[in-house]
Amino acid sequence: PEDMLFSYKGILYPITVCRPETLEVLHTFEARSDDVILVGYPKSGTNWLEQMVKELADAKYTEEEMKERINAEKKLETFQRLEFGDPGIYERMKQLPSRRIIVTHLRPDLLPPSIFQSKAKILVLVRNPKDTAVSYYHFYNNLPLLPSYDSWDEYFADFMNGKLTWGSYFDHLLEWNKYIDNERIMTISYEELKEDPILGMKKIASFFGFSLCEEDFSRIAKKTSFKAMKEKSSETHGKFGDALFRKGVVGNWRDIFSKAQNEEMYQKFQDSLGGTKIASKIKYDVYCK
Ligand code: A3P
């Protein structure tokens, strides 16, 4: 199983989708000022946010025009995540029409500098650590591209120590917290999107300057509901569909965390992120005891 992963600058990545030689040239990616950058630690709901934002950004296009845009991406063989694929992608991405929607799981200190030098806006998605940990556990075990764990306890230790692909959840949030006051950055949580998707989408649309009418928001909310996305998952995500759209709820951690693990998580979260602005974006009652 070890050979399914590789380490680059101290962080693990899955060898099947990422390559060291691509990470080596990641800094050559040229951001455009109208790029829409979406960021989330793995399992924070990135695929959901991606779909929502694509729908919000493209609401003005007809079905036909949307297909053309998707085909352009397919033809150029660009990838779902900025850090996936072969080293030639950053060159090919130059040919994509604006407005590009770029998704990544990376921390800001690992992103290409042009993202911060350009006027591109960045939306950072956060999810409470316990549900994120549970989601990632099932993902490791259900996805053939990642090694499986014999037990939840063994996995839990790796989550707490940041020994998973894309590194530590806690470091990811700490690094993004440094940018939280930047006016070109907005954070949104999985939990608030679940609670009121339309309100969440309105915040997103106003941040990126998309103009939509009320009907657009309710149409997109229906189209991006967990049920609707799960039903279409084999079409949209092929053989990864089942693993990607698992439960889609808040509070699933209660099924699997022991009391001691709950306390350990609480303490670790307080010690590393307590008092930070990014932590206040994560609903307290979801991660507390
Ligand atoms: P669970 O494993 O808790 O179900 P990512 O896309 O970053 O890999 O995150 C995956 C998580 O987002 C999974 O969480 C998945 O079920 C959830 N998810 C995907 N689509 C969703 C949707 N439309 N609504 C709510 N949650 C969704």
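Basis of the calculations
- Residues numbered from 1 in each chain as written.
- Predicted model: local features only at pLDDT ≥ 70, side-chain atom pairs only at ≥ 80, totals over all residues.
- Heavy atoms only, no water.
- Helix = DSSP H or I, 4+ residues; strand = E, 2+ residues; numbered from the N terminus.
- Rg over C-alpha atoms; globule rule 2.2 N^0.38 Å.
- Buried < 20%, exposed > 50% of the residue type's maximum accessible area, 1.4 Å probe, protein only.
- Contact = heavy atoms within 4.5 Å.
- Areas by Shrake-Rupley, 256 points an atom, 1.4 Å probe, with all protein chains shown as cover.
- Lys, Arg positive; Asp, Glu negative; His and termini not counted.
- Charge placed at Lys NZ, Arg CZ, Asp CG, Glu CD.
- Phe/Tyr/Trp six-rings, centres within 6.5 Å; stacked < 30°, edge-to-face > 60°.
- Lys NZ or Arg CZ within 6 Å of the ring centre and 35° of its normal.
- Near = heavy atom within 4 Å.
- Polar contact = N/O pair within 3.5 Å; in protein donor to acceptor, adjacent residues only side chain to side chain.
- Core = buried A, V, L, I, M, F, W, Y, C linked by side-chain atoms within 4.5 Å.
- Pairing = 2+ DSSP bridges.
- Axes fitted to C-alpha atoms, helices over the stretch in contact; angles between N-to-C directions.

Colleague: I tried to follow the overall build of the protein chain on my own but got confused; where do I start?
Modeller: Along its length, the protein chain carries 17 helices and six strands. Since a compact globule built from 289 residues should have a radius of gyration of about 19 Å, the 18 Å found for the protein chain is in line with a globular shape. Counting only C-alpha atoms and orienting by the principal axes, one finds that the protein chain spans roughly 55 × 45 × 40 Å. Per-residue burial for the protein chain yields a buried fraction of 52% across its 289 residues. Here the analysis covers contacts within the protein chain between residues at least 6 apart in sequence; of these, 71% occur between residues at least 24 apart. Surface exposure of the protein chain reaches about 14000 Å², of which carbon and sulfur atoms provide 50%. Of the charged side chains in the protein chain, 42 are positive and 44 negative; the average position of the first set lies 3 Å away from that of the second.

Colleague: Explanation requested: the packing of aromatic side chains in the structure shown.
Modeller: How two aromatic rings sit relative to each other is set out by the distance from centre to centre and by the angle between their planes. Following the criterion strictly, the structure yields 27 aromatic pairs and no others. Both rings, one in Y155 and one in F159, keep their centres 6.3 Å apart while their planes meet at 40°; by these two values the pair is tilted. Placement of the pair is Y155 and F159 together in helix α7 (residues 152-160), with a separation of four residues, close to one helical turn. For the pair Y155 and F159, a shared accessibility class is recorded, and that class is buried. Measuring from centroid to centroid gives 5.5 Å for F208 and F210, while their planes differ by 20°, and the two rings are stacked. Taking the ring centre of F207 as reference, the NZ or CZ of K121 above it sits at 5.1 Å. Over the face of the ring belonging to F170 we find K268, whose NZ or CZ atom lies 5.0 Å from the ring centre.

Colleague: Help me out: how do you make sense of the site of the ligand in this one?
Modeller: Of all residues adjacent to the ligand, which total 19 residues, the nearest are T46, S135, Y190, K247 and G248. Within the contact set of the ligand, an oxygen atom lies 2.8 Å away from a side-chain nitrogen or oxygen of N47. Separating a nitrogen atom of the ligand from a side-chain N or O atom of W48 is a distance of 3.3 Å. Relative to its free-state accessible area of 560 Å², the ligand is covered by the protein chains to the extent of 98%.

Colleague: In this structure, what is going on with the nonpolar core? I would like to understand it.
Modeller: Within soluble globular proteins, side chains that are nonpolar generally end up buried alongside one another. One finds Y13, L82, Y155 and F159 to be the most contacted residues of the largest nonpolar core, which totals 59 residues. Here L82 is in contact with L26, F29, I89, Y90, M93, I102, V103, T104, L111, P112 and I115, once residues within four sequence places are set aside. Core analysis: the second largest hydrophobic core is formed by 28 residues, V103, L123, M201 and F207 among them.

Colleague: Even after reading the chapter, I still don't get the sheet that holds strand β3 (residues 36-40), so can you show me in this structure?
Modeller: Pairing between the strands of a sheet comes from backbone hydrogen bonds, and it takes one of two forms, parallel or antiparallel. Strand order in the open sheet made by the four strands is β4-β3-β5-β6, with parallel pairing throughout. Looking at strand neighbours, the two that pair on one side only are β4 (101-104) and β6 (185-189), the edges of this open sheet. The mean angle between the axes of side-by-side strands here comes to 20°, regardless of whether they run parallel or antiparallel. In this structure, β3 lies alongside β4, joined through four bridges in parallel fashion. Counted as the bridge partner of L38 is V103 from β4.

Colleague: Is there a simple way to explain the pairing of strand β2 (residues 11-14) in this structure?
Modeller: In summary, the side chains of a regular strand alternate between the two faces of the sheet. In this structure, strand β1 (residues 5-8) lies alongside β2, joined through four bridges in antiparallel fashion. Across the sheet, Y8 pairs through a bridge with I11, a residue of β2. In sequence, β1 turns back onto β2 through a hairpin of two residues, with K9 there showing a positive phi of about 45°.

Colleague: Looking at this structure, how should I read the pairing of β3?
Modeller: The element β3 is largely enclosed, with a buried count of five among its five residues. Going residue by residue along β3, you find V36, L38 and G40 tucked away on one face and I37 and V39 tucked away on the opposite face as well. Note that β3 and strand β5 (residues 121-126) share five bridges and pair parallel. Paired with L38 across the bridge in β5 is L123.

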